[in-house]
Amino acid sequence: LGSGQLAFTGEWAIQRNPRIDLEAWAARVQAEWRFRDGRGAPRLLAGIQQFSGDDPRTAALERFDPLFYEGS
């Protein structure tokens, strides 16, 4: 494991649309361990994502729409 590389990435996204009273968010954190350099080298990924959800007690929309999030 001494020759590996450790990397962390993270992102935060906010969606707002005053026309429909929308304000939502999403966040992601990921850690990656590459066991060695080079093409086809094994790697281990671990991450967590969290998205805001809608509160039915309010008239506003708080749910995050992941349609175009993360390039999907």
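One can find the structure itself at the top, above this paragraph.
Keep in mind it's a predicted model, so treat the numbers as computed, not measured. (Residues numbered from 1 in each chain as written. Predicted model: local features only at pLDDT ≥ 70, side-chain atom pairs only at ≥ 80, totals over all residues. Heavy atoms only, no water.)

Draft legend 1. Layout of the pairing of strand E1 (residues 5-17). For E1 and strand E2 (residues 22-34), the ladder comprises 13 bridges, and the chain directions are antiparallel. Bridge assignment links Ala7 to a residue of E2, and that residue is Glu32. In this antiparallel pair of consecutive strands, E1 and E2, the connection spans four residues, and Asp21 shows a positive phi of 55 degrees. (Pairing = 2+ DSSP bridges. Helix = DSSP H or I, 4+ residues; strand = E, 2+ residues; numbered from the N terminus.)

Draft legend 2. Region of interest: the pairing of E2. Bridge count between E2 and strand E3 (residues 43-51): nine bridges; the pairing is antiparallel. Its bridge partner lying in E3, Ala26 is registered against Phe51.

Draft legend 3. Examining the packing of aromatic side chains more closely. For the structure shown, the criterion picks out three aromatic pairs. On the numbers, 6.4 Å between centres and 85 degrees between planes, the contact of Trp33 with Phe35 is edge-to-face. Classification of Trp33 as partly exposed rests on a relative accessible area of 22%. (Phe/Tyr/Trp six-rings, centres within 6.5 Å; stacked < 30°, edge-to-face > 60°. Buried < 20%, exposed > 50% of the residue type's maximum accessible area, 1.4 Å probe, protein only.)

Draft legend 4. Spotlight on the sheet that holds E3. Strands sit in the order E1-E2-E3 across an open sheet of three strands; the sheet is antiparallel. Here the strands that pair on one side only, and so sit at the sheet edges, are E1 and E3. Each strand axis lies, on average, 10 degrees off the axis of its neighbour in the sheet, ignoring direction. (Axes fitted to C-alpha atoms, helices over the stretch in contact; angles between N-to-C directions.)

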